[in-house]
Amino acid sequence: MDKTYKPSALEQAWYQQWEQKGYFSPYQDGLNGPGYSIMIPPPNVTGSLHMGHAFQHTLQDALTRYKRMDGHKALWQVGTDHAGIATQMVVERKLAAEGQPDRHAMGRDTFIDKVWEWKEHSGGTITSQMRRLGNSVDWDTERFTMDDGFYKAVQEVFIRLYNDGLIYRGKRLVNWDPKLRTAISDVEVENHDKKGHMWHLRYPLADGAQTQDGKDYIVVATTRPETMLGDTGVAVNPEDPRYQHLIGKEVLLPLVDRRIPIVADEHADMEKGTGCVKITPAHDFNDYEVGKRNQLPMINILTFSADIRDEAQTFNSDGSVNDDISGFIPEKYRGMERFAARKAIVADLEEQGLVDSIKDHELSVPIGDRGGVVIEPMLTDQWYVDAKTMAKPAIEAVENGDIQFVPKSYENMYFSWMRDIQDWCISRQLWWGHRIPAWYDEEGNVYVGHDEAEVRSNNQLADDVELIQDEDVLDTWFSSALWTFGTLGWPNVDDPEVAQRLADFHPTDVLVTGFDIIFFWVARMAMMTMHFIKDENGKPQVPFKTVYVTGLIRDEVGEKMSKTRGNVLDPLDMIDGISLDELLAKRTGNMMQPKLAEKIAKRTQKEFPEGISPHGTDALRFTLAAMASTGRDINWDMKRLEGYRNFCNKLWNASRYVMLSVAGEEAVEKAAADGTPIDVTDDMKAACGANGEPGVLSLADRWIISRLQRAENEVRRHLDQYRFDMAAQALYEFIWNEYCDWYLELSKPVLWDQNASEEEKRGTRGTLVRVLEATLRLAHPIIPFITESIWQQVKELAGKADAGDTIMLADYPVAQPELMDAEAEADIAWLQGVITAVRNIRGEQNIPPSKPLELLFKNGDDDDFRRAEENQNFLMKLAKLEKLTWLNDGDEEPMSVTQLVGNMEVLIPMAGFIDKDAEVTRLNKSIEKLGKELERVNNKLGNPGFTDKAPAAVIDKEKEKAAGFERDIVKLKEQIEKIKAL
RNA sequence: AGGACUAUAGCUCAGUUGGUUAGAGCGCUACCUUGACAUGGUAGAGGUCCCCAGUUCAAAUCUGGGUAGUCCUACCA
């Protein structure tokens with residue numbers, strides 16, 4: 001064993017072994033418990049893992065390893081998502097950069113081939129990152145949302161939903177991304193606040209009509225003046241006295257000179273603006289509804305790129321083509337980009353005196369989450385899922401607790417969306433994705449089926465009827481909604497293997513994911529799964545019993561990590577380290593704007609002047625676990641990572657000490673020099689009592705064994721409750737503050753004592769090794785590599801030669817109540833009190849730690865006598881004493897400095913050496929502190945309300961406290977007097 | 001506009017059903033190269049638990065109001 005912990009030397013080798021030996025499989029010897037499963041949220045295949053992934057993966061892996069060690073058939077299902085829009089964009093951009101023809105030029109099939117090529121290349125990034133993170137995923141069943149099996153599942157789901165009447169096609173207004181030229185669903189639209197303008201436009205009244213105040217025009221307000229080319233009406237509120245006489249009259253739409261009616265509709269708000277609203281049903285969601293209610297025609301003035309059309313398309317309010325009305329568009333606007341057209345139209349209206357006013361206006365603009373441009377409501381034919389119907393059981397599942405959110409407050413988010421859900425537009429005008437299994441004949445009739453042949457035979461279509469498959473693909477989230485059961489082999493439920501997997505692993509136990517995809521994914525998985533997967537009683541199965549919602553990983557000042565901010569961190573850089581130059585290149589490479597790159601470079605230099613030093617996977621994982629308090633965003637802190645790297649080093653060195661104590665210096669040094677595990681001999685085993693050789697346990701041994709049981713209980717409890725932070729803290733505390741700080745030190749007086757018997761030494765060596773061995777198993781789910789690495793060396797010494805070849809499959813520790821030892825714990829607490837008291841005096845009085853001291857005890861009770869007697873060895877060594885004596889009543893008391901341990905006084909004679917001022921100050925400070933506490937407690941006890949109503953136990957506790965404070969104060973005051981009298 | 005979440009040490013955060021002398025890590029101060037570890041050890045300093053009111057014998061914790069911040073949803077003619 002090396003002197004310092006070097007994670008890079010061991011991590012990758014262990015992972016390879018684990019994977020090769022098949023330890024990640026849920027089906028292997030020793031896993032006889034029930035199934036336990038976690039489905040990984042499939043990362044985008046073209047991407048790479050960021051800190052958020054590392055965080056979520058750590059938690060999933062910790063749970064999986066915990067359950068696997070507990071004997072469950074634990075499956076962590078791995079896979080990636082084809083991410084339609086994102087992937088297609090990436091590949092298109094890459095083709096452009098390489099000067100290759102664009103996708104339209106190369107054709108659909110060729111382009112798809114290119115995407116697959118890219119996927120082969122890019123998919124490896126993610127899987128190799130996952131291996132570095134130590135993820136114990138079942139690689140043998142890795143899935144991809146576009147693989148053959150998934151393709152079948154998606155097709156099957158589409159067809160069945162269509163046949164069930166839950167999927168339909170219709171012409172409606174959808175959110176249209178003019179850059180990507182595809183429809184998107186409402187959840188893919190982000191609303192951004194922006195400063196804009198409100199234009200008040202004058203629409204002249206036709207046929208000489210006038211407003212109440214004698215004007216020959218009415219004023220409408222709009223934030224999108226260019227859409228006026230498609231206006232087909234003006235709405236006023238039916239109750240509005242100002243305009244009632246105008247209902248049914250017409251206005252003459254400027255620029256296009258179209259007569260459009262004034263209609264009464266509640267959508268018009270009397271309080272807002274002028275009370276008159278222009279109605280453009282083809283370009284606004286509200287207007288679309290108003291148009292339908294009032295049978296206004298729809299005029300689409302925009303192309304799919306959101307430019308002004310040469311001639312508008314005209315429809316009736318039911319979506320059918322209307323050839324009667326004119327689609328005329330003035331020549332000068334034809335082909336104009338939408339925002340250019342806005343300027344031109346406003347200018348022309350101004351020229352005609354038709355602009356009443358222009359006001360600044362704060363508005364929120366809909367932006368496509370992928371394309372980043374303003375979304376345009378667009379009238380198109382699309383496929384929809386009847387989400388309202390499908391949401392019902394999914395809502396009930398959360399209401400009745402079949403699905404539980406952790407933290408619970410995310411239920412609100414889920415409910416509020418699900419109870420007001422809109423039908424889900426699932427068709428996308430893309431090439432990369434699951435092509436919609438629908439065919440059209442020349443009359444436009446729709447046939448849905450697995451393939452063309454099936455469609456023909458099912459519908460008795462003759463061979464000469466021409467059929468064309470729908471060009472569109474499905475929303476990526478449509479396929480990922482099937483993730484929990486699609487990955488298990490559905491729909492091939494007749495295959496016994498698939499049936500078994502579904503029985504073992506569905507519903508899954510927990511989904512670990514971010515709150516940002518509750519709508520996109522979690523809700524839709526619930527809907528789809530409950531419709532398709534039923535248990536043996538026909539009851540819909542939920543996809544997961546628990547949804548553990550994580551917060552976001554932010555940077556050290558709480559900003560979201562993003563490429564444009566230049567504050568992203570690659571988890572592998574935390575693990576392996578990275579030089580400043582490389583980090584700069586990584587962060588500023590591929591930057592479009594040089595100015596931004598400069599800013600990012602500056603920030604990076606300031607933040608990481610030396611680059612990043614290597615910390616290892618275990619430290620990274622421990623940090624992420626320790627920071628995972630429920631549902632809170634995490635501000636990433638390199639200091640924290642460093643601290644937990646030190647923790648790993650501590651564990652490493654503690655183990656080194658154990659091995660040195662047990663195997664001897666020679667064996668340990670030799671192994672370190674050769675880089676091999678320590679060669680464990682029979683003698684070493686015998687020295688630890690690995691074969692049941694007799695040993696005697698010291699008080700410290702009994703104590704640490706007892707504390708270990710507590711730690712085991714605690715860590716289990718916290719893991720069961722998804723409190724990874726508390727589990728990590730319990731481990732940290734036990735390993736560092738108890739095992740290392742106290743127990744290892746307490747082992748030395750035994751092991752280094754020439755007078756100690758072999759049985760005593762064996763008892764202590766055995767305890768060192770056994771407690772370490774159990775601790776490693778306890779910590780393994782969070783820090784898999786270091787624990788495996790050390791465990792391999794200690795398992796035999798701990799008498800666990802038959803525990804198997806890997807810690808991954810060793811038993812997870814279970815506390816044994818009979819090993820809890822309250823007396824040992826109380827005794828050691830006393831010992832710690834005395835030792836700390838002595839150290840404290842040393843500190844205050846500037847006595848060097850190397851100087852041996854004489855110690856006097858006074859006022860002890862039976863326990864104090866016994867403890868002092870039994871632990872003399874420990875006391876002498878740890879407090880560095882040369883002499884320890886009891887003062888009896890009436891004994892002459894030498895000039896001393898005092899500390900209190902319970903009732904007992906600990907005195908260090910310091911004739912002539914006392915720093916009087918320092919001591920008096922210290923004592924006064926203690927008295928003052930105690931005095932305040934005493935006052936507080938006495939106030940409480942003097943309050944009849946308290947003494948009458950509080951539980952007796954609480955009152956007794958307060959009384960005890962008061963007595964204790966009083967006693968201590970008296971003693972400290974006496975002490976001051978003595979010192980002053982010097 | 002509606003809703004959710006957050007506010008505790010210089011920083012990052014714990015604090016379960018009201019009763020703790022309010023904790024941890026990092027940072028800070030002093031001392032220490034003692035035979036696992038300086039990625040270390042020992043001992044310290046450091047808090048108006050955001051503000052105000054209320055409930056209660058008792059509030060960091062429960063209720064109401066306010067302030068500040070984060071986020072979500074909706075709307076914005």
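Residues numbered from 1 in each chain as written. Chains lettered and ligands numbered in written order. Predicted model: local features only at pLDDT ≥ 70, side-chain atom pairs only at ≥ 80, totals over all residues. Heavy atoms only, no water.

Asker: For the overall build of chain A, give the residues involved together with the corresponding values.
Answerer: What chain A contains, in helices and strands, is 32 helices and 31 strands. At a minimum sequence separation of 6, the contacts of chain A that also span at least 24 residues come to 76%. As presented, chain A carries roughly 43,600 Å² of accessible surface, and 47% of it is formed by carbon and sulfur atoms. The distance from the centre of the 115 positive side-chain charges to the centre of the 162 negative ones in chain A is 5 Å. (Helix = DSSP H or I, 4+ residues; strand = E, 2+ residues; numbered from the N terminus. Contact = heavy atoms within 4.5 Å. Areas by Shrake-Rupley, 256 points an atom, 1.4 Å probe, with all protein chains shown as cover. Lys, Arg positive; Asp, Glu negative; His and termini not counted. Charge placed at Lys NZ, Arg CZ, Asp CG, Glu CD.)

Asker: Tell me about the protein's contact with RNA strand B, residues and numbers included.
Answerer: In the vicinity of RNA strand B, 56 residues are found, and the nearest of them are Ala221, Ser364, Asn840, Lys949 and Lys961. A breakdown of the atoms of RNA strand B within 4 Å of the protein gives sugar and phosphate a share of 65%. Residue alanine 654 places a main-chain N or O atom 3.4 Å away from a base nitrogen belonging to RNA strand B. With eleven residues, the top contributor of residues to the surface near RNA strand B is helix H20 (residues 638-663). (Near = heavy atom within 4 Å. Polar contact = N/O pair within 3.5 Å; in protein donor to acceptor, adjacent residues only side chain to side chain.)

Asker: Describe in detail helix H17 (residues 580-588), supporting the description with residues and values.
Answerer: Residues spaced three or four apart along an α-helix face the same direction, because each turn holds 3.6 residues. Restricting attention to buried positions, one finds in H17 the residues Leu580, Leu583, Leu584 and Arg587. Buried residues in H17, looked at end-on, bunch into an arc of 100°, giving them a common side. What points out from H17, more than 90 degrees from its buried face, is the exposed set Asp581 and Glu582. For H17, the secondary structure elements touched by its buried residues are helix H16 (571-576) and helix H18 (594-607). A positive phi of about 60° marks asparagine 590, the residue just after H17. (Buried < 20%, exposed > 50% of the residue type's maximum accessible area, 1.4 Å probe, protein only. Arc of directions from axis to C-beta.)

Asker: Explain the pattern of salt bridges to me, using residue names and the numbers behind them.
Answerer: Within this structure, the stated rule accounts for 63 salt bridges. One salt bridge in this structure joins arginine 169 and aspartate 470, with 3.8 Å as the shortest N-O distance. Of this pair, arginine 169 sits in strand E5 (residues 167-177) while aspartate 470 sits in the loop between strand E22 (468-469) and strand E23 (473-474); the two residues are 301 residues apart in sequence, bridging distant segments of the chain. Under the relative-accessibility criterion, arginine 169 is labelled partly exposed at 34%. Classification of aspartate 470 as buried rests on a relative accessible area of 5%. (Salt bridge = Lys/Arg side-chain N within 4 Å of Asp/Glu carboxyl O.)

Asker: Lay out helix H26 (residues 784-794) in plain terms, naming residues and giving numbers.
Answerer: Among the eleven residues of H26, ten are classified as buried, and the element is accordingly described as predominantly covered. Within H26 the residues assigned to the buried category are Pro784, Phe785, Ile786, Thr787, Glu788, Ser789, Ile790, Trp791, Gln793 and Val794. Lining the buried residues of H26 we find helix H1 (11-20), helix H2 (51-69), helix H5 (108-132), helix H19 (617-626), H20 and helix H25 (758-779).

Asker: So what's going on with the packing of aromatic side chains? Which residues, and what values?
Answerer: Centre-to-centre distance and the angle between the planes together describe a pair of aromatic rings. Taken as a whole and assessed by the stated rule, the structure comprises 36 aromatic pairs. Both rings, one in tyrosine 548 and one in phenylalanine 724, keep their centres 5.7 Å apart while their planes meet at 85°; by these two values the pair is edge-to-face. One end of the pair, tyrosine 548, is in strand E25 (residues 544-550); the other, phenylalanine 724, is in helix H24 (residues 724-751), with 176 residues separating them in the sequence. For the pair formed by tyrosine 548 and phenylalanine 724, the shared burial category is buried. In textbook terms, an aromatic cluster arises when at least three aromatic residues are bridged by ring pairs, as seen for Phe158, Tyr162, Trp383, Trp424 and Phe478. We note arginine 103 situated over the ring of tryptophan 431; from NZ or CZ to the ring centre the distance is 4.7 Å. Residue placement shows arginine 524 over the ring face of tryptophan 424; its charged tip is 4.1 Å from the ring centre. (Phe/Tyr/Trp six-rings, centres within 6.5 Å; stacked < 30°, edge-to-face > 60°. Lys NZ or Arg CZ within 6 Å of the ring centre and 35° of its normal.)

Asker: Before we move on, can you summarise the sheet that holds strand E21 (residues 446-448) with the specific residues and values?
Answerer: Reading across the sheet, the three strands line up as E21-E20-E22 and stay open at both edges, with antiparallel pairing between neighbours. For this open sheet the edge positions go to E21 and E22, each flanked by a neighbour on one side alone. Here three bridges tie strand E20 (residues 438-440) to E21, and the two strands are oriented antiparallel to one another. Following the sheet pairing, alanine 438 is matched in E21 by valine 448. (Pairing = 2+ DSSP bridges.)

Asker: If you had to explain the nonpolar core to someone new, which residues and values would you point to?
Answerer: By size, the foremost hydrophobic cluster in this structure holds 224 residues, and its most contacted members are Phe478, Trp636 and Tyr739. Per-element tally for this core: the top contributor is H24, with 15 residues. (Core = buried A, V, L, I, M, F, W, Y, C linked by side-chain atoms within 4.5 Å.)

Asker: Explain the sheet that holds E5 to me, using residue names and the numbers behind them.
Answerer: Strand order in the open sheet formed by four strands is E6-E5-E16-E18, and the pairing between neighbours is antiparallel. Each end of this open sheet is capped by a strand with a single partner; those strands are strand E6 (182-184) and strand E18 (424-425). Summarising the sheet, strand E16 (residues 376-385) and E18 pair through two bridges and their orientation is antiparallel. Residue pairing across strands places tyrosine 384 opposite cysteine 425, the latter belonging to E18.

Asker: Pulling in residues and values, what's your account of empty space enclosed by the protein?
Answerer: Evaluated as defined, the whole model comprises one cavity of 30 Å³ or more. There is about 40 Å³ of room inside the largest cavity. Looking at the largest cavity, the residues that line it are Ser185, Asp186, Ala387, Trp417, Ile421, Gln422, Trp424, Arg524 and Met527. (1 Å grid on protein atoms, 1.4 Å probe; cavity = no way out; pocket = protein on both sides within 12 Å on 5 of 7 lines; lining within 4 Å. Points joined across faces, edges and corners; volume = space filled by probe spheres on them.)

Asker: Tell me about unusual backbone geometry, and please be specific about residues and values.
Answerer: A cis amide bond links tryptophan 490 to the next residue, proline 491, at an omega of 10°. Residue position: proline 491 is located in the loop between helix H13 (483-486) and helix H14 (496-505). Here histidine 506 and proline 507 are connected by a cis peptide whose omega angle stands at 0°. With respect to the helices, strands and loops of the structure, proline 507 is situated in the loop between H14 and strand E24 (508-514). Within the chain, alanine 83 stands out as a residue other than glycine whose phi angle is a positive 45°. Counting through the fold element by element, alanine 83 comes out in the loop between strand E3 (79-80) and helix H3 (84-97).

Asker: Give a detailed account of the pairing of strand E10 (residues 250-253), specifying residues and quantitative values.
Answerer: Burial of E10 is one-sided: the residues Val251 and Leu253 facing one way are buried, the residues Glu250 and Leu252 facing the other way are not. By the bridge criterion, four bridges tie E10 to strand E11 (residues 258-264) in an arrangement that is antiparallel. Of the residues in E11, the one forming a bridge with leucine 252 is arginine 259. Counted along the chain from E10 to the antiparallel partner E11, the turn is four residues long, and its residue leucine 255 has a positive phi close to 70°.

Asker: Explain the side chain of aspartate 472 residue by residue, including any values.
Answerer: For aspartate 472, the location among the structural elements is in the loop between E22 and E23. Within the buried core, aspartate 472 has no salt-bridge partner, and the shortest N-O distance to an opposite charge, that of arginine 169, equals 5.7 Å. Polar side-chain contacts of aspartate 472 include one of 2.7 Å to the side chain of glutamine 429. The residues contacting aspartate 472, other than those within four sequence positions of it, are Gln382, Ser427, Arg428, Gln429, His434, Arg435 and Ile436.

Asker: Break down the confidence of the model for chain A for me, with residues and values.
Answerer: With 100% of its residues at a pLDDT of at least 70, chain A reaches an overall mean of 89. When mean pLDDT is taken per element in chain A, strand E2 (residues 73-77) scores highest with 97 and helix H30 (residues 916-942) scores lowest with 81. Scored as a complex, the prediction yields pTM 0.92 and ipTM 0.94. (pLDDT = per-residue confidence, 0-100.)

Asker: Now, about the pairing of E2: what can you tell me, with residues and values included?
Answerer: Where burial is concerned, most of E2 is hidden: five out of the five residues are buried. Judged by which residues are buried, E2 turns out to be covered on both faces: Lys73, Leu75 and Gln77 on one side and Ala74 and Trp76 on the other are all buried.

Asker: How would you sum up the packing of H30 against helix H32 (residues 952-980)? Please name residues and give values.
Answerer: As a packed pair, H30 and H32 sit with axes 9 Å apart at the nearest point and diverge in direction by 155°. Accordingly, the angle class assigned to the pair H30 and H32 is roughly antiparallel. Remark: the crossing between H30 and H32 carries left-handed chirality. By residue class, the composition of the contact of H30 with H32 is 14 nonpolar, five polar and eleven charged. (Axes fitted to C-alpha atoms, helices over the stretch in contact; angles between N-to-C directions. Parallel < 35°, antiparallel > 145°, perpendicular 65-115°, else oblique. Left-handed = near helix turned anticlockwise from the far one by under 90°. Nonpolar A, V, L, I, M, F, W, Y, C, P; charged D, E, K, R; others polar.)

Asker: Quick rundown of the side chain of threonine 764? Include the residues and the values.
Answerer: Among the secondary structure elements, threonine 764 is positioned in helix H25. Apart from the residues within four sequence positions on either side, threonine 764 is in contact with Val696, Ser698, Asp701, Tyr743, Ser747, Val750 and Leu751.

Asker: With reference to specific residues and values, describe the environment of asparagine 316.
Answerer: With respect to the element layout, asparagine 316 can be found in the loop between strand E14 (308-315) and helix H8 (338-351). Using a relative accessible area of 26% as the deciding quantity, one classes asparagine 316 as partly exposed. For the pair asparagine 316 and glycine 291, spaced 25 residues apart in sequence, the C-alpha to C-alpha distance is 9.4 Å. In contact with asparagine 316, other than residues within four places in its own chain, are Pro297, Met298, Val321 and Asn322.

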